[in-house]
Amino acid sequence: MRLSTRNQLDGTVVSVTRGEAMAVVRVRLTGGDEITSSITRDAVDDLGLAAGSTVKVLIKSTEVTLGIE
C-alpha cells in the first residue's frame, strides 16, 4: 500500500498496555528511540499487535509542540 503520509518510520512493538477502550502501544524505532501511540483496543486486535510485532509508524500532525525547563 502506498500512502501520502511522508513521516513513515519502521519499528518494533515493545509493549501493548490495554485500557477499557484504548490501548497504549510503545514502539522502538530503528535507531533505538521509542514512541507511543494511543489506539483503540479493536485496532490492536485487528492488527494483531503484540510485543515483537514489526510495524510502520505513520505520523500525520497539524501541530508539534516543544517545551524546555
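Residues numbered from 1 in each chain as written. Predicted model: local features only at pLDDT ≥ 70, side-chain atom pairs only at ≥ 80, totals over all residues. Heavy atoms only, no water.

The name recorded for the protein in an unreviewed UniProt entry is Molybdenum-pterin-binding protein 2, from Nocardia cerradoensis.

A separate point is the pattern of salt bridges. Within this structure, the stated rule accounts for four salt bridges. Residue Asp45 is joined to Arg18 by a salt bridge in which the shortest nitrogen-to-oxygen separation is 2.6 Å. One end of the pair, Asp45, is in helix H1 (residues 41-47); the other, Arg18, is in strand S1 (residues 7-18), with 27 residues separating them in the sequence. Asp45 sits in the partly exposed class, given a relative accessible area of 45%. Of the charged contacts, one joins Arg28 and Glu34 as a salt bridge, the two residues approaching to 2.6 Å between their closest N and O atoms. Each of Arg26, Arg28 and Glu34 takes part in salt bridges that share partners, so that together they form one network. (Salt bridge = Lys/Arg side-chain N within 4 Å of Asp/Glu carboxyl O. Helix = DSSP H or I, 4+ residues; strand = E, 2+ residues; numbered from the N terminus. Buried < 20%, exposed > 50% of the residue type's maximum accessible area, 1.4 Å probe, protein only.)

Glancing now at the layout of surface pockets. A volume near 330 Å³ is recorded for the largest pocket. Only strand S2 (22-29), strand S3 (34-40), H1 and strand S4 (54-59) provide two or more residues apiece to the lining of the largest pocket. Here the element with the most residues in the lining of the largest pocket is S4; it accounts for five residues. Along the lines of polarity and charge, the residues of the lining of the largest pocket split into eleven nonpolar, two polar and one charged. (1 Å grid on protein atoms, 1.4 Å probe; cavity = no way out; pocket = protein on both sides within 12 Å on 5 of 7 lines; lining within 4 Å. Points joined across faces, edges and corners; volume = space filled by probe spheres on them. Nonpolar A, V, L, I, M, F, W, Y, C, P; charged D, E, K, R; others polar.)

Of all hydrophobic cores here, the largest spans nine residues; its members are Val13, Ala23, Val25, Val27, Leu29, Val44, Leu49, Val55 and Val57. Elements represented by at least two residues in this core include exactly S2 and S4. Among the elements that make up this core, the one with the highest residue count is S2 (four residues). Leaving out residues up to four positions away in the same chain, Val55 has contacts with Leu9, Asp10, Gly11, Val13, Val27 and Leu49. (Core = buried A, V, L, I, M, F, W, Y, C linked by side-chain atoms within 4.5 Å. Contact = heavy atoms within 4.5 Å.)

The next thing to look at is the UniProt feature "domain: Mop" (unreviewed entry) in the protein. In the UniProt entry, the feature "domain: Mop" (unreviewed entry) is given for residues 2-68. Helix makes up 10% of residues 2-68 and strand makes up 49%, while its end C-alpha atoms are separated by 37 Å. (UniProt positions renumbered as here; feature names shortened; annotations may be inferred.)

Our next topic: the pairing of S3. As judged from the seven bridges shared by S2 and S3, these two strands associate in the antiparallel manner. Bridge assignment links Val25 to a residue of S3, and that residue is Ser37. Hairpin geometry of S2 and S3 is characterised by an intervening segment of four residues between the two adjacent antiparallel strands and by a positive phi of about 105° at Gly31. (Pairing = 2+ DSSP bridges.)

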